[in-house]
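Geometric and topological summary
Residue strings, one per chain:
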Protein chains: 2
Amino acid sequence: MARYTPPLRDIRFVMHELLDVEGTLKTLPPYAETSRELIDQVIEEGGKFCAEVLFPLNRSGDEEGCRWAEGGVVTTPKGFRQAWEQFRQAGWPTLTCDPQYGGQGLPVAVGIAFQEMMNSGSQAWAMYPGLTHGAYDCLHAHGTPEQKALYIPKLVSGEWTGTMCLTEPHSGTDLGLLRTKAEPQGDGSYRITGTKIFISSGEHDLAANIVHLVLARLPDAPAGTRGISLFIVPKFVPNADGSPGARNGVRCARLEEKMGIHANATCVMDLDGAAGWLVGEPNKGLNAMFVMMNAARIGVGMQSLGLTEVAYQNSLDYAKERLQMRSLSGAKAPDKPADPIIVHPDVRRMLLTQKAYAEGSRAFAYWTALQADIALTHPDAEARKDAEDMLALLTPVVKAFITDNGFLCTNLAMQVYGGHGYIREWGMEQYVRDARINMIYEGTNAIQALDLLGRKVLGDNGAKLRKFGKLITALVEAEGTNEEMAEFIDPLADLGQKVEKLTMEVGMKAFGNADEAGAAAVDYLRVIGHLVLGYFWARMARIALDRADSGDPVYRSKLATARFYFAKLFPETAMLIRTARAGAAPLMNVEAELF
Amino acid sequence: MARYTPPLRDIRFVMHELLDVEGTLKTLPPYAETSRELIDQVIEEGGKFCAEVLFPLNRSGDEEGCRWAEGGVVTTPKGFRQAWEQFRQAGWPTLTCDPQYGGQGLPVAVGIAFQEMMNSGSQAWAMYPGLTHGAYDCLHAHGTPEQKALYIPKLVSGEWTGTMCLTEPHSGTDLGLLRTKAEPQGDGSYRITGTKIFISSGEHDLAANIVHLVLARLPDAPAGTRGISLFIVPKFVPNADGSPGARNGVRCARLEEKMGIHANATCVMDLDGAAGWLVGEPNKGLNAMFVMMNAARIGVGMQSLGLTEVAYQNSLDYAKERLQMRSLSGAKAPDKPADPIIVHPDVRRMLLTQKAYAEGSRAFAYWTALQADIALTHPDAEARKDAEDMLALLTPVVKAFITDNGFLCTNLAMQVYGGHGYIREWGMEQYVRDARINMIYEGTNAIQALDLLGRKVLGDNGAKLRKFGKLITALVEAEGTNEEMAEFIDPLADLGQKVEKLTMEVGMKAFGNADEAGAAAVDYLRVIGHLVLGYFWARMARIALDRADSGDPVYRSKLATARFYFAKLFPETAMLIRTARAGAAPLMNVEAELF
């Protein structure tokens, strides 16, 4: 009953009109030939795949879920395998991979649009290639030449898939507690023994082999996070010719029953002396895994962007079709038995909130992806460093801000449907259930906030934040005397100054008591989220003002959405700054027995 | 794995220390003998029933759901019937009913505590008696003496249950569109034909008969809401002796598959010339139904209060037991492998948010219930009118504010559990799914907001609101010079003034353009919610300050929670006032095709 139309016009707006991706890529040697036409073609074809192949599987996949059978065999829902085959045949897994291993070598800034659209199609399905790409990234950065030769081409082609095996029952956020053991066998291999939980895509029937990347401890490893090493543990140990060989001792003990993403297999994995091979240096496993985790965090943001977009589209359709009550300011469709509910101000608030967060997050996330490309490939070291800093600073914001908003927005989409939103067949409640996990996994959103405030902002005395601040200052200076832009620039400039003060204040307090950072972090992250979104909405408004008379309604739409954003969403910062400043005392001056 | 402990201490705090329910009841003739001891006994026994009989059915009921079979037979989950029998045997359905019909005649202010606890036990189960009590209320207010004699004793005893049949596929919020027809048969009965959807408890195996209260149109009825009449449509037409007679033409065509409350049967009901009898006057059905709807709106608030409380209890246990990471300000449990997560500031924020909303809402809702008792039974007409006004003003706030917060809080409870929160066996995600419907049914929360701002506040030029304002003024005057109370009284007094200004401003704007009310309503309702909760938290803080040295930790706990509330939750009003004042333009100045 639901529909998905790839938002090609808005993607092109962001890529070409806002970010000039093509122009930036010309400065990056590996991508200098990536033309606007190629980008548009990839996005259009990618959108077709997501809308025509993935989207039709989303509801049925949720209903059917994955099934476990004796021996740890896991079956994905009907159609998932066929979609995987089509995905492979069309070369989609190769999109942003290294040409040396069979990849198409496109930039992350292009791949991210496909990522978004896959998640609008089906988040549960998109997690299979998502984790595979994470394993690719990790091995590409840290594998030995032999490991790369053996595993990477199979991951790039989608013949094999990948996983990240971090969590254990007693060890989630706190990986320092993990107990899985790795015993050296003297032949370069290890025997890995332990139990891993919450392993997404841990077992399934899509691919011939599964490459698990497993965190474990060597016998002599120090306690805590400095004693964790990373291992490749393939489901089938590859033969020298690359074909899957002997079945390894890693099995899915059971599937978790979850709130959502039913079509992705969330596995309890038993490792019973499984053969594993060290990736990177001993005891440096967490560093190696972080390559994967940072990309995964952006990926989780894209999951929520994808859900926000598709939920928005459907709630918009519903709001235009559903007739209920008359407009308070007089009938708008007098020929009909009632007005379409889009005439009601609060329905518009719910729709525009989704639209403003979807389009604002798209601008923000795609820009961040471009920073990833610059960080990796710009010829100038300083440009690389700047981009790397932006990426480090904003990765937790992409993850937490977009996923918090995604849950808010899918809930608003559901609310637009009224009672029908609560009924499964309309499809909206699934988006809410699926969106909910994104606030939890890959580091809960509170962990993202601590990463942002503690490590990324206070950790370098605000240096990275000031770099981002310079972008805002430049915009404010350029537009400060432009009357038309005042409604966007004034609040943005004001928030910029407040963020500076807030950061100083929290930093000073945290210097005396680290719990002050913990108490302010979640509010602080949302403030930064609005600073970033405000910046991009102001820039988009500028473009829209310039082109308002072009006849293309997209510009009037952008302008209206920017106005809505600054009037109705941006003022959340007034609350957040107060609550961030309220400090740790109201939280910490409560003895545990008084809760 | 989850647990529920009835919050008897806090219920007693609210009833006896904050509200002096016993003292107020002494002024109400029917309840003058209701002693504190009796109240405590009812609550204690009621709590036992909810914790020991209902709570164990909640998870299994969710997993199993209701089943439909050919012929429209519906089976509730295992144990639901037995619980209903125990409920009946113990006389619980009679609690607040009229002694004339077999009721125990206790006040609403006592019944509400039992209502809260039933929902902590199992919201899906509690909906069966909830709707039955609604049917009782409606017939008690509007039935003929014969109808009362025939139906009410059966509803009071729980032999029969009741429903409200309002919604149709094309007619939800807008009941004026409903099409179900009632044709007079000349013998005082009518033939009712139509389809009703979303009928909670519409069919089941708990009771011998089901009394449907159905909205329908008479042949000559005017269009819209002024042409709607109310009918009793029993599943089995009662014989003269009150035994269930012939099967009537009202059948469950199917059950809806929903996001949550799986154990409550949400039915599509086909009425195929079913025999019905008019309740109240022709074409005045909506008025009659409103008796039921207002009680139901308070009831929905209690559903979310119940869920908030039980989710809080479990997330608190988890936060005390789960070891993960060290406190940022130094290890707090150095003998353990990590600190319990309750040491982390943001975990405390999540817990205290739940606690502050649970306890604040309890105070607010129980006070509102007491207003219902006063409105119905106080000997003085002015006192009745004042209480009626408070009830009318605050019913939409109980419904919308408590259910919005309930969804927020159950989500926070889930978030405290991290990944485990997303897994069904831990029970938290069910609370989120169940809590979600409460924001939608019995009038969406946006409809509540329009009722509050449009009808209850602007409708009488703020007269009712000023009555509530007088309570705040009195508190501010009494405590204004009390230094210890300044941290609570100052922000409350400040908000009181801002509400006055905001109300004037919105009223003026709405005078020119009714969409201005629609644009501000949802924010406005939350502002009023905080005004009310701030008032009760200030009063609770006052009691806690007085008794802080008593040795009972409840007072230090109250004080800490009040401080948290004013520091971290109350500042939401800073945002809400801004967004409410932003007006209709950012919402309405967007042509539909620009969305």
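This structure is a prediction, so every number in the text was calculated from the model and none was measured. Sequence order as written defines the numbering, with residues in each chain counted from 1. A letter from A marks each chain and a number from 1 marks each ligand, given out in the order of writing. Totals for whole chains, interfaces and linings use every residue, but because this is a predicted model, local features are given only for residues with pLDDT of at least 70 and side-chain atom pairs only at 80 or more, for both listing and counting. To get the side-chain values, take all heavy atoms of the structure and skip hydrogens and water.

A few words now on the overall build of chain A. Here a strand is any run of E in DSSP of at least two residues, a helix any run of H or I of at least four, and the numbering for each starts at the N terminus. The secondary structure content of chain A amounts to 17 helices and 11 strands. Counting only C-alpha atoms and orienting by the principal axes, one finds that chain A spans roughly 80 × 60 × 60 Å. Buried residues are those whose accessible area, probed at 1.4 Å on protein chains only, stays under 20% of the maximum for their type, while exposed residues exceed 50% and partly exposed ones sit between those limits. Relative to its 595 residues, chain A shows a buried fraction of 64%. A total accessible area of about 20,700 Å² is found for chain A, and carbon and sulfur atoms account for 53% of it. Note on areas: Shrake-Rupley, 1.4 Å probe, and residue coverage restricted to the protein chains presented here.

All names here are of chain A. Summarising the element assignment, Asn-264 is placed in the loop between β10 (250–255) and β11 (266–279). Within the structure, Asn-264 has its side chain in polar contact with the backbone oxygen of Ala-124 (distance 3.1 Å). What Asn-264 contacts, discounting residues up to four positions off in sequence, is Cys-66, Ala-124, Met-127, Tyr-128, Ser-200, Ser-201 and Lys-258. By the criterion applied in these results, polar contacts are pairs of N or O atoms within 3.5 Å in which, for protein atoms, one can donate a hydrogen and the other can accept it, and in which residues neighboring in sequence qualify only through two side-chain atoms. Any two residues whose heavy atoms approach within 4.5 Å are treated as being in contact.

The next thing to look at is the packing of helix α13 (residues 486–512) of chain B against helix α15 (residues 553–569) of chain B. All names here are of chain B. Between the N-to-C directions of two axes lies an angle of 0 to 180 degrees, each axis being a line fitted to C-alpha atoms and, for a helix, fitted only over the stretch in contact. The geometry of α13 relative to α15 is characterised by a closest axis approach of 10 Å and an angle of 35 degrees between their N-to-C directions. Both α13 and α15 take part in a crossing whose hand is left-handed. Residues Glu-487, Phe-488 and Pro-491 of α13 lie in contact with α15, whose contacting residues are Leu-559, Ala-562, Arg-563 and Phe-566. Taken together, the residues of the contact of α13 with α15 break down into five nonpolar, no polar and two charged. Throughout, a crossing is termed right-handed when the near helix is turned clockwise from the far one, and left-handed when it is turned anticlockwise from it by less than a right angle. Gly counts as polar in this scheme, as do all residues outside two lists: the nonpolar Ala, Val, Leu, Ile, Met, Phe, Trp, Tyr, Cys and Pro, and the charged Asp, Glu, Lys and Arg.

Only buried residues count toward a nonpolar core, which is a set of Ala, Val, Leu, Ile, Met, Phe, Trp, Tyr and Cys residues joined through side-chain atoms within 4.5 Å. One finds Tyr-366 of chain A together with Tyr-366 of chain B to be the most contacted residues of the largest nonpolar core, which totals 355 residues. With 21 residues, the top contributor of residues to this core is helix α14 (residues 515–547) of chain B. Residues in contact with Tyr-366 of chain B, not counting those within four places in the same chain, are Ile-11, Val-14, Met-15, Leu-19, Ile-112, Ala-113, Glu-116 and Leu-305 of chain B.

Another aspect to go through is the interface of chain A and chain B. Interfaces are frequently sized by the accessible area removed from exposure as the parts join. On the chain B side, the residues contacting the 93 residues of chain A number 93 residues. The junction of chain A with chain B conceals about 7,900 Å² of combined surface from both sides, 63% of it contributed by carbon and sulfur atoms. Note: buried area is the sum, over both parts, of the accessible area (probe 1.4 Å) each one loses when the two are combined. Interface area lost by chain A to chain B is led by Tyr-422, Lys-568 and Phe-595 of chain A, which between them contribute 11%. For this document, the term salt bridge refers to a Lys or Arg side-chain nitrogen within 4 Å of an Asp or Glu carboxyl oxygen. Along the contact surface separating chain A from chain B lie four salt bridges. Tallying contributions element by element places helix α15 (residues 553–569) of chain A first for the side of chain A that touches chain B, with eight residues. Here the residues of the side of chain A that touches chain B are counted per class, giving 46 nonpolar, 21 polar and 26 charged.

Turning our attention to the environment of Val-211 of chain B. All names here are of chain B. Mapping Val-211 onto the fold places it in strand β6 (residues 209–216). The class for Val-211 is buried, based on a relative accessible area of 0%. In this structure the C-alpha to C-alpha distance between Val-211 and Thr-161, which are 50 residues apart in sequence, comes to 6.1 Å. If we skip the residues at most four places from it in the chain, Val-211 touches Leu-139, Tyr-151, Leu-155, Trp-160, Thr-161, Gly-162, Thr-163, Ile-232, Val-233 and Pro-234.

Taken as a whole and assessed by the stated rule, the structure comprises 84 salt bridges over all chains. Between Arg-59 of chain B and Asp-62 of chain B there is a salt bridge, with its nearest N and O atoms 3.8 Å apart. Here Asp-62 of chain B and Arg-59 of chain B lie together in helix α3 (residues 36–64), a separation of three residues that amounts to about one turn. Residue class for Arg-59 of chain B comes out partly exposed when judged on its relative accessible area of 24%. With relative accessibility at 5%, the residue Asp-62 of chain B sits in the buried group. Of the charged contacts, one joins Lys-464 of chain B and Asp-460 of chain B as a salt bridge, the two residues approaching to 3.1 Å between their closest N and O atoms. Accessibility expressed as a relative area gives 14% for Lys-464 of chain B, which makes it buried. Through salt bridges with shared partners, one network takes in Asp-10, Glu-116, Glu-309, Lys-355, Glu-359, Arg-362 and Lys-558 of chain A.

Bringing helix α4 (residues 80–89) of chain B into the picture now. Residues that lie three or four places apart on an α-helix share one face, since the helix turns once every 3.6 residues. Residue and element names in this part refer to chain B. Regarding α4, the residues found buried are Phe-80, Ala-83, Trp-84 and Phe-87. Burial along α4 is one-sided: seen end-on, the buried residues are contained in an arc of 100 degrees. The outward face of α4, more than 90 degrees from its buried face, is lined by the exposed residues Gln-82 and Gln-89. Among the structural elements, α3, α5 (108–142) and β3 (160–165) are those in contact with the buried residues of α4. Downstream of α4 by one or two residues, Gly-91 has phi in the positive range, about 80 degrees. The arc in question is traced by the directions running from the helix axis to the C-beta atoms.

Each copy of the chain is related to the other by a rotation around an axis and a translation along that axis. We superpose the copies by least squares over the C-alpha atoms of residues that have a pLDDT of at least 70 in both of them. Least-squares fitting of chain A to chain B yields an RMSD of 0.0 Å, with the superposition described by an axial translation of 0.0 Å and a rotation of 180 degrees. As the rotation angle and translation indicate, the two copies are arranged about a two-fold axis. Identified as the residue of chain A closest to the rotation axis by C-alpha distance is Met-575 of chain A, at 2.7 Å. Most of the interface of chain A is mirrored in chain B, where 99% of its interface residues again form contacts.

Turning our eyes to something else, we now look at the packing of aromatic side chains. Here the distance between the centres and the angle between the planes together describe a pair of aromatic rings. Residues and elements named next belong to chain A. Any two rings among Phe, Tyr and Trp, with Trp reduced to its six-membered ring, count as a pair given centres within 6.5 Å; such a pair is stacked if its planes are under 30 degrees apart, edge-to-face if over 60, and tilted if neither. Inspection of every chain in the model, using the stated rule, returns 53 aromatic pairs over all chains. With a centroid separation of 5.0 Å and 70 degrees between ring planes, the pair formed by Tyr-535 and Phe-536 is classed as edge-to-face. Its relative accessible area of 5% is what places Tyr-535 among the buried residues. Given the relative accessible area of 0%, Phe-536 is considered buried. Site record: aromatic cluster; members linked through ring pairs are Phe-49, Trp-84, Phe-87, Trp-92, Phe-114 and Trp-125.

Now for unusual backbone geometry. Positive phi values are uncommon outside glycine, yet Asn-461 of chain A reaches one of about 55 degrees. By the secondary structure assignment, Asn-461 of chain A is in the loop between α11 (445–457) and α12 (463–479). Even without a glycine there, the phi angle at Asp-20 of chain B is positive, about 45 degrees. When you line up the elements, Asp-20 of chain B lands in the loop between α1 (8–18) and α2 (21–26). On the accessibility criterion, Asp-20 of chain B (39% relative accessible area) is partly exposed.

Here we take up the packing of helix α9 (residues 381–416) of chain A against α12 of chain A. All names here are of chain A. Between α9 and α12, the shortest axis-to-axis distance is 9 Å and the interhelical angle comes to 105 degrees. What the angle tells us is that α9 and α12 run roughly perpendicular. Contacts between α9 and α12 involve Lys-385, Asp-386, Asp-389, Met-390, Ala-392, Leu-393 and Leu-394 on the former and, on the latter, Lys-464, Leu-465, Lys-467 and Phe-468. Broken down by class, the residue content of the contact of α9 with α12 amounts to six nonpolar, no polar and five charged. Put simply, angles under 35 degrees are roughly parallel, angles over 145 are roughly antiparallel, angles from 65 to 115 are roughly perpendicular, and the rest are oblique.

What follows is about the confidence of the model for chain A. Residues of chain A with pLDDT of at least 70 account for 100%, and the chain-wide mean is 97. Here the predicted complex carries an ipTM of 0.98, next to a pTM of 0.98. Along the chain, pLDDT gives the predictor's confidence residue by residue, from 0 to 100.

Right, let's talk about the state of the cysteines for a bit. Disulfide: a pair of cysteine sulfur atoms within 2.5 Å of each other. Inspection of every chain in the model, using the stated rule, returns zero disulfides over all chains. With no disulfide of its own, Cys-97 of chain A lies closest to Cys-138 of chain A among cysteine sulfurs, the gap being 14 Å. You can call Cys-97 of chain A buried: its relative accessible area is 2%. Here Cys-267 of chain B stays unpaired: no disulfide links it, and the sulfur of Cys-252 of chain B, its closest cysteine neighbor, is 3.7 Å away.

By the criterion of burial, helix α10 (residues 428–437) of chain A is predominantly enclosed, with 10 of the 10 residues buried. Every buried residue of α10 of chain A is accounted for by Met-428, Glu-429, Gln-430, Tyr-431, Val-432, Arg-433, Asp-434, Ala-435, Arg-436 and Ile-437 of chain A.

Bringing the environment of Ile-543 of chain B into the picture now. Residues and elements named next belong to chain B. Among the structural elements, Ile-543 can be located in helix α14. Separated by 525 residues in sequence, Ile-543 and Leu-18 place their C-alpha atoms 7.5 Å apart. Setting aside residues up to four positions removed in sequence, Ile-543 forms contacts with Phe-13, Glu-17, Leu-18 and Tyr-555.

Attention shifts here to the pairing of strand β6 (residues 209–216) of chain A. All names here are of chain A. Among the eight residues that make up β6, eight are buried, leaving the element largely enclosed by the rest of the structure. Here a strand pair is declared whenever DSSP counts at least two bridges between the two strands. Where strand β3 (residues 160–165) meets β6, six bridges bridge the pair, whose relative direction is parallel. Residue pairing for β6: Met-164 is matched across the bridge by Leu-213. When β6 meets strand β7 (residues 229–234), the two strands line up antiparallel, connected through six bridges. Among the inter-strand pairings, Val-214 is bridged to a residue of β7, identified as Phe-231.

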